[in-house]
Amino acid sequence: MTVLSGRGLVKHFGPAVALDGVDLAVDRAEAVAIMGPSGSGKSTLLHCLAGIMRPDAGEVHLLGQRVDTLGERRRSALRRSRFGFVFQFGQLLPELPADENVALPLMLDGTSRRAAVKAAQTWFAALGLAGMEHRRPGELSGGQAQRVAIARALVPRPAVVFADEPTGALDQATGHDTMRLLVEATRHNGASLVVVTHDPSVAGWCDRVVEVRDGRVRPPAEGPPLPPPGGHAPPPVPWTS
Ligand SMILES: Nc1ncnc2c1ncn2[C@@H]1O[C@H](COP(=O)(O)OP(=O)(O)OP(=O)(O)O)[C@@H](O)[C@H]1O
Ligand SMILES: [Mg+2]
């Protein structure tokens with residue numbers, strides 16, 4: 001079942017064509033990796049699909065409803081309730097402890113602080129963060145901070161999680177662990193994942209790779225599928241829910 005789709009997406013920045021007619025459909029609980037050279041339009045595609053940016057032409061549908069034509073206020077509400085985001089730098093609020101960072105999306109949608117923090121704390125053990133609930137982002141490693149960002153993205157039970165180079169600032173082994181966690185955690189929660197990455201082994205965790213070149217999606221290459229991520233096998237992810 002298609003959860004999110006972009007059809008004929010076009011986006012210009014002045015004379016530059018960032019998207020030149022992109023079609024992309026994402027199924028329920030599917031993990032899609034978006035790859036391609038720098039400047040090819042990956043982030044622009046993600047921003048159009050996520051309702052952060054309006055395409056110049058084309059349509060975006062979420063669960064059958066057209067969303068690109070909604071006004072800024074409704075798109076913003078949609079982003080908060082239906083989408084989760086993980087960026088290269090977690091963009092956690094430095095003055096808040098980890099559990100309150102995770103609780104924030106729930107509080108913004110009206111859950112009381114107490115209930116939101118309680119719900120947030122249930123995520124820590126499953127993400128290997130037990131005991132770190134009260135640390136501030138500055139007291140976490142890069143990988144731990146990204147796991148807090150993953151929890152924050154998932155806590156409102158979104159339909160789709162968007163991640164733009166989520167492991168770009170991590171070393172390779174930590175990046176693989178984090179990516180594995182991101183893919184498994186979104187899948188376990190029934191959410192779809194759209195992840196931009198430059199790392200081909202990271203893309204190996206996903207169900208499908210979409211290649212973007214010059215603002216277009218390239219047809220899938222002929223030949224063997226991607227090899228599994230080389231050598232490094234992180235431990236299985238424990239799940240409590
Ligand atoms: N806000 C903007 N204003 C002007 N041009 C932009 C803007 N955002 C993107 N572009 C241009 O659109 C094209 C696609 O940019 P985009 O950020 O989507 O690429 P990308 O594939 O994400 O690259 P990278 O791998 O470097 O992040 C580029 O030519 C870029 O310079
Ligand atoms: Mg980008």
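Residues numbered from 1 in each chain as written. Chains lettered and ligands numbered in written order. Predicted model: local features only at pLDDT ≥ 70, side-chain atom pairs only at ≥ 80, totals over all residues. Heavy atoms only, no water.

### Focus: helix H3 (residues 98–108)
- Among the 11 residues in H3, eight count as buried, and that is most of the element.
- Residues of H3 that are buried include every one of Ala98, Asp99, Glu100, Asn101, Val102, Ala103, Pro105 and Leu106, and no others.
- Contacts from the buried residues of H3 go to helix H4 (113–121) and helix H5 (142–154).
- One or two positions beyond H3, positive phi appears at Gly110, with a value near 105 degrees. (Buried < 20%, exposed > 50% of the residue type's maximum accessible area, 1.4 Å probe, protein only. Helix = DSSP H or I, 4+ residues; strand = E, 2+ residues; numbered from the N terminus. Contact = heavy atoms within 4.5 Å.)

### Quick notes on the confidence of the model for the protein chain
- Summing up the model confidence of the protein chain, the mean pLDDT is 90 and the portion of residues at 70 or higher is 90%.
- Mean pLDDT across the elements of the protein chain bottoms out in helix H7 (residues 200–203) (74) and peaks in strand S4 (residues 57–62) (98).
- A low-confidence stretch, residues 230–236 (pLDDT under 50), is modelled with nine contacts involving residues beyond four sequence positions or located in other chains. (pLDDT = per-residue confidence, 0-100.)

### Describing the sheet that holds strand S3 (residues 31–35)
- On the basis of which strands lie adjacent, the open sheet formed by six strands has the order S6-S7-S8-S3-S9-S10 and mixed pairing. Each having just a single partner strand, strand S6 (83–86) and strand S10 (216–218) make up the two edges of the open sheet. Taken pair by pair, the neighbouring strands of this sheet meet at an average axis angle of 25 degrees, ignoring direction.
- As paired elements, strand S7 (residues 160–164) and strand S8 (residues 192–196) share five bridges and run parallel to each other. (Pairing = 2+ DSSP bridges. Axes fitted to C-alpha atoms, helices over the stretch in contact; angles between N-to-C directions.)

### Here we look at the sheet that holds S4
- Reading across from one edge, S2-S1-S4-S5 is the order of the four strands in this open sheet, with antiparallel pairing throughout. Strands at the two margins of the open sheet, each flanked by one partner only, are strand S2 (16–27) and strand S5 (65–66).
- Pairing geometry for S4 and S5, over two bridges, is antiparallel. Bridge pairing in S5 places His61 opposite Arg66.
- Sitting on the sheet, helix H1 (residues 42–49) touches strand S1 (2–13), S2 and S4, and the angle it makes with S1 is about 125 degrees.

### What about the packing of H3 against H5?
- It is the contact of H3 with H5, at a shortest axis distance of 7 Å, that shows an interaxial angle of 30 degrees. Considering the angle they form, H3 stands roughly parallel to H5. Like other packed secondary-structure pairs, H3 and H5 cross with a definite hand, here right-handed. Residues Ala98, Asn101, Val102 and Pro105 of H3 form the contact with H5, whose own contacting residues are Val148, Ala151 and Arg152.
- By residue class, the composition of the contact of H3 with H5 is five nonpolar, one polar and one charged. (Parallel < 35°, antiparallel > 145°, perpendicular 65-115°, else oblique. Left-handed = near helix turned anticlockwise from the far one by under 90°. Nonpolar A, V, L, I, M, F, W, Y, C, P; charged D, E, K, R; others polar.)

### Focus on the side chain of Thr186
- Along the chain, Thr186 turns up in helix H6 (residues 172–188).
- Note on Thr186: relative accessible area 1%, which makes it buried.

### Brief notes about the site of ligand 1
- In the vicinity of ligand 1, the contacting residues are Phe13, Ala18, Pro37, Ser38, Gly39, Ser40, Gly41, Lys42, Ser43, Thr44 and His198.
- The backbone of Gly41 places a nitrogen or oxygen atom 3.0 Å from an oxygen atom of ligand 1.
- Alone, ligand 1 offers 630 Å² of accessible surface; in the complex the protein occludes 56% of this.
- When residues in the shell around ligand 1 are grouped by element, the largest group, three residues, is from H1. (Near = heavy atom within 4 Å. Polar contact = N/O pair within 3.5 Å; in protein donor to acceptor, adjacent residues only side chain to side chain. Areas by Shrake-Rupley, 256 points an atom, 1.4 Å probe, with all protein chains shown as cover.)

### Quick look at the pairing of S2
- Pairing geometry for S1 and S2, over nine bridges, is antiparallel. Among the inter-strand pairings, His12 is bridged to a residue of S2, identified as Val17.
- Where S1 folds back on S2, the antiparallel hairpin that results is connected by two residues, among which Gly14 adopts a positive phi of roughly 60 degrees.

### Overview of the environment of Leu129
- With respect to the helices and strands, the residue Leu129 is situated in the loop between H4 and H5.
- Judged by its relative accessible area of 0%, Leu129 is buried.
- What Leu129 contacts, discounting residues up to four positions off in sequence, is Phe124, Gln144, Arg147 and Val148.

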